[in-house]
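Spelled out, the chains give:
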Amino acid sequence: MSRVYNFSAGPAMLPEEVLKTCAEDMLDYHGTGQSVMEMSHRSKEYDAIIKAAEKDFRDLCNIPDNYKVLFLQGGAWTQFAAIPMNLMKNKVADYIITGQWAKKAWEEAKRYGNAKAVASSEDKTYTYIPDVSDLPIDDDADYVYICQNNTIYGTRYPELPNTKGHTLVADVSSMFLSEPFDINKYGVLYGGVQKNVGPAGMAIVVIREDLITDDVLPGTPTLLKYKTQADKDSLFNTPPCYTIYVCGLVFKWLLNMGGLSAIQKKNEEKAKLLYDFLDSSSLFRGTVEKAYRSLMNVPFVTDSDDLNQKFVAEAKAAGLVNLKGHRSVGGMRASIYNAMPLAGVEKLVTFMEDFEKKNS
Ligand SMILES: *Cc1c(COP(=O)(O)O)cnc(C)c1O
């Protein structure tokens with residue numbers, strides 16, 4: 001068996017230890033004679049799995065009692081609609097457009113109310129984060145929306161926006177659990193788990209309790225109403241059972257290594273290695289303004305499309321896969337999420353050094 005280093009933006013690598021546990025548990029989970037996939041979501045064994053997952057997530061992220069943690073189907077994109085449906089009491093929301101995911105969320109919200117773009121970095125292909133210290137936030141804005149780490153463009157907010165007292169809603173899909181965060185600064189923090197946490201098929205939504213009400217937009221589907229899900233602890237209907245189980249193993253993996261500060265150190269070390277090389281290279285360069293560089297998604301280019309293509313193909317042959325950049329940026333992108341070991345980034349940098357020598 002030979003595993004590759006997978007730099008995909010998502011679905012992405014999972015920790016090898018977690019995959020091994022999944023394999024051990026596959027045919028007979030803890031003496032039950034069945035896999036987690038085959039279990040009733042109403043069984044006592046499964047109840048223990050989902051309860052432990054929530055508890056470990058709360059411990060890992062220091063989530064206080066006045067926030068609910070929801071495990072929901074439909075990925076991140078479903079939340080683009082659920083958020084306005086649940087939160088738009090005044091039908092006004094302010095969006096900061098820092099990439100395609102923020103823009104798609106904004107476009108979805110416009111179907112439900114007056115969603116305004118109060119800042120954007122589209123003028124420079126989203127290579128920076130706009131100044132968010134004093135935006136024209138509407139007095140009656142129900143919330144201010146950001147995508148905190150921009151998966152496609154490789155930027156992240158150096159600081160959270162000044163929302164002028166309004167609720168902050170953040171999509172953290174591509175930086176979920178990559179570093180500590182203070183949930184008290186957010187009304188809603190959510191992300192699809194397939195980037196940095198687990199297998200595809202689920203979003204985790206952390207939401208302050210006072211935002212969970214029956215006062216939702218008319219026509220909101222039962223399942224998209226946060227109150228439906230919160231009242232039943234994510235077990236209103238059949239949840240993504242296996243995904244929750246794997247995420248639970250990832251939470252334990254993170255707790256065992258020392259939590260989010262420990263993984264942050266590792267992530268900073270990996271990102272520094274790659275960015276330092278890009279800054280010193282005569283062939284490759286990063287595409288993002290330095291102050292806004294993501295720790296997770298690192299886009300880079302050479303000045304030649306032919307060389308970019310050659311690089312991606314040769315890297316793949318060397319066991320470094322999915323380095324092709326998003327079509328809107330071109331070039332390459334290395335996603336170096338939690339589960340990417342330092343050795344994978346070291347191998348990538350060595351490969352890039354070598355490629356540079358041979359091709360310049
Ligand atoms: C991938 C991604 C999404 C979309 O996630 P789905 O789970 O496919 O709906 C949304 N936001 C961000 C920041 C992403 O990286």
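Just so we're clear, the structure is a prediction, and the values are computed from it rather than from any experiment.

*Asks:* Looking at this model, I keep getting lost on the overall build of the chain. Mind explaining?
*Replies:* When helices and strands are tallied, the chain shows 9 helices and 14 strands. At 21 Å, the chain has a C-alpha radius of gyration in line with the 21 Å of a compact globule built from 360 residues. The principal-axis extents of the C-alpha atoms in the chain amount to approximately 65 × 60 × 30 Å. Burial status across the chain gives 58% buried among its 360 residues.

*Asks:* Any chance you could explain the layout of surface pockets here in plain terms?
*Replies:* The gaps left among the atoms become clear once a water-sized probe is rolled over them. There is about 350 Å³ of room inside the largest pocket. Of all the secondary-structure elements, those providing two or more residues to the lining of the largest pocket are α1 (16-25), α6 (241-257) and α7 (260-280). In the lining of the largest pocket, the residues fall into 12 nonpolar, 1 polar and 6 charged. Residues lining the lining of the largest pocket come from more than one domain, with at least three contributed by each of domain 1 (17-257) and domain 2 (259-359).

*Asks:* How do you make sense of a nonpolar patch on the surface when you look at a structure like this?
*Replies:* A cluster of nonpolar side chains, namely Met26, Leu27 and Met37, defines an oily patch on the protein surface of about 330 Å² accessible area. Among the secondary structure elements, Leu27 is positioned in the loop between α1 and α2 (44-61). Note on Leu27: relative accessible area 72%, which makes it exposed.

*Asks:* What is the right way to read the environment of Tyr242 from this model?
*Replies:* Mapped onto the fold, Tyr242 is located in helix α6. In sequence terms Tyr242 and Ser35 are 207 residues apart; their C-alpha atoms lie 9.3 Å from each other. Apart from residues lying up to four places away in sequence, Tyr242 is in contact with Cys22, Met26, Val36 and Met37.

*Asks:* What's the story with the packing of aromatic side chains in this structure? I'm lost.
*Replies:* Inspection of every chain in the model, using the stated rule, returns 18 aromatic pairs. Plain terms: the ring middles of Phe80 and Trp101 are 6.4 Å apart, the flat faces sit at 55° to each other, and that makes the pair tilted. On the criterion of sequence distance, the pair formed by Phe80 in helix α3 (residues 75-87) and Trp101 in helix α4 (residues 100-109) is long-range, its members being 21 residues apart. For Trp101, a relative accessible area of 25% translates into the label partly exposed. Plain terms: the ring middles of Phe284 and Phe311 are 5.2 Å apart, the flat faces sit at 70° to each other, and that makes the pair edge-to-face. In this pair, Phe284 is assigned in the loop between α7 and β11 (285-286) and Phe311 in helix α8 (residues 305-317), connecting sequence segments 27 residues apart. Residues Phe284 and Phe311 agree in their burial class; the two are buried. Taken together, the ring pairs in this structure connect Phe277, Phe284, Phe300, Phe311, Phe351 and Phe355 into an aromatic cluster. If you follow Lys110 out to its NZ or CZ, it ends over the ring of Trp106, 3.7 Å from the centre. One residue, Lys124, lies across the ring of Tyr128, its end atom 5.4 Å from the ring centre.

*Asks:* For this particular structure, what's the right way to read the sheet that holds strand β14 (residues 332-335)?
*Replies:* Sheets are built from strands paired through backbone hydrogen bonds, the pairs being either parallel or antiparallel. The 3 strands lie next to each other as β11-β12-β14, forming an open sheet whose pairing is antiparallel. The outermost strands of the open sheet, each flanked by one partner alone, are β11 and β14. α7 rests against β11, β12 (297-301) and β14 of the sheet, and its axis sits at about 20° to β12.

*Asks:* Sorry, what's going on with the domain arrangement of the chain here?
*Replies:* How big an interface is tends to be stated in terms of accessible area lost as the parts join. Annotation of the chain at the domain level lists domain 1 (17-257) and domain 2 (259-359). Put simply, the middle of domain 1 and the middle of domain 2, counted by C-alpha atoms, are 27 Å apart. If you look at the interface, domain 1 gives 30 residues, while domain 2 gives 27 residues. For the domain 1 and domain 2 pair, buried surface summed over both sides reaches about 2300 Å², with 58% attributable to carbon and sulfur atoms. Taken together, the links from domain 1 to domain 2 amount to 0 salt bridges. On the surface where domain 1 and domain 2 come into contact, there are 12 residue pairs in polar contact (both at pLDDT 80 or more). Listing elements by their share of the side of domain 1 that touches domain 2, those giving two or more residues are α2, β6 (149-150), β7 (155-156) and α6. By residue number, the principal contributor to the side of domain 1 that touches domain 2 is α6, which donates 4 residues. Residue classes in the side of domain 1 that touches domain 2 are distributed as 16 nonpolar, 10 polar and 4 charged.

*Asks:* Looking at this structure, how should I read unusual backbone geometry?
*Replies:* Leaving glycine aside, a negative phi is the common case for residues, and trans is the common case for peptide bonds. Backbone torsion omega between Gly10 and Pro11 reads -10°, so that peptide bond is classified as cis. The residue Pro11 is located in the loop between β1 (5-6) and α1 in this model. Within the chain, Asn62 stands out as a residue other than glycine whose phi angle is a positive 55°. Inspection of the secondary structure assignment puts Asn62 in the loop between α2 and β2 (67-72). Taking the relative accessible area as the measure of exposure, Asn62 reaches 64% and is therefore exposed.

*Asks:* Explanation requested: the site of the ligand in the structure shown.
*Replies:* Neighbouring the ligand are Gly75, Ala76, Trp77, Phe80, Trp101, Cys147, Thr151, Asp171, Ser173, Gln194 and Lys195. Within the side chain of Gln194, one N or O atom sits 2.9 Å away from an oxygen atom of the ligand. In this structure, Lys195 approaches the ligand through a side-chain N or O atom, which is 2.5 Å from an oxygen atom. Counting residues per element, the shell around the ligand draws most heavily on α3, at 4 residues. When its residues are assigned to classes, the shell around the ligand shows 5 nonpolar, 4 polar and 2 charged.

Definitions and limits used
- Residues numbered from 1 in each chain as written.
- Predicted model: local features only at pLDDT ≥ 70, side-chain atom pairs only at ≥ 80, totals over all residues.
- Heavy atoms only, no water.
- Helix = DSSP H or I, 4+ residues; strand = E, 2+ residues; numbered from the N terminus.
- Rg over C-alpha atoms; globule rule 2.2 N^0.38 Å.
- Buried < 20%, exposed > 50% of the residue type's maximum accessible area, 1.4 Å probe, protein only.
- 1 Å grid on protein atoms, 1.4 Å probe; cavity = no way out; pocket = protein on both sides within 12 Å on 5 of 7 lines; lining within 4 Å.
- Points joined across faces, edges and corners; volume = space filled by probe spheres on them.
- Nonpolar A, V, L, I, M, F, W, Y, C, P; charged D, E, K, R; others polar.
- Domains from an automatic or database assignment.
- Patch = residues over 30% accessible without salt bridge, like charges linked within 9 Å, V, L, I, M, F, W, Y side chains within 5 Å.
- Areas by Shrake-Rupley, 256 points an atom, 1.4 Å probe, with all protein chains shown as cover.
- Salt bridge = Lys/Arg side-chain N within 4 Å of Asp/Glu carboxyl O.
- Contact = heavy atoms within 4.5 Å.
- Phe/Tyr/Trp six-rings, centres within 6.5 Å; stacked < 30°, edge-to-face > 60°.
- Lys NZ or Arg CZ within 6 Å of the ring centre and 35° of its normal.
- Pairing = 2+ DSSP bridges.
- Axes fitted to C-alpha atoms, helices over the stretch in contact; angles between N-to-C directions.
- Buried area = accessible area lost by both parts, 1.4 Å probe.
- Polar contact = N/O pair within 3.5 Å; in protein donor to acceptor, adjacent residues only side chain to side chain.
- Near = heavy atom within 4 Å.

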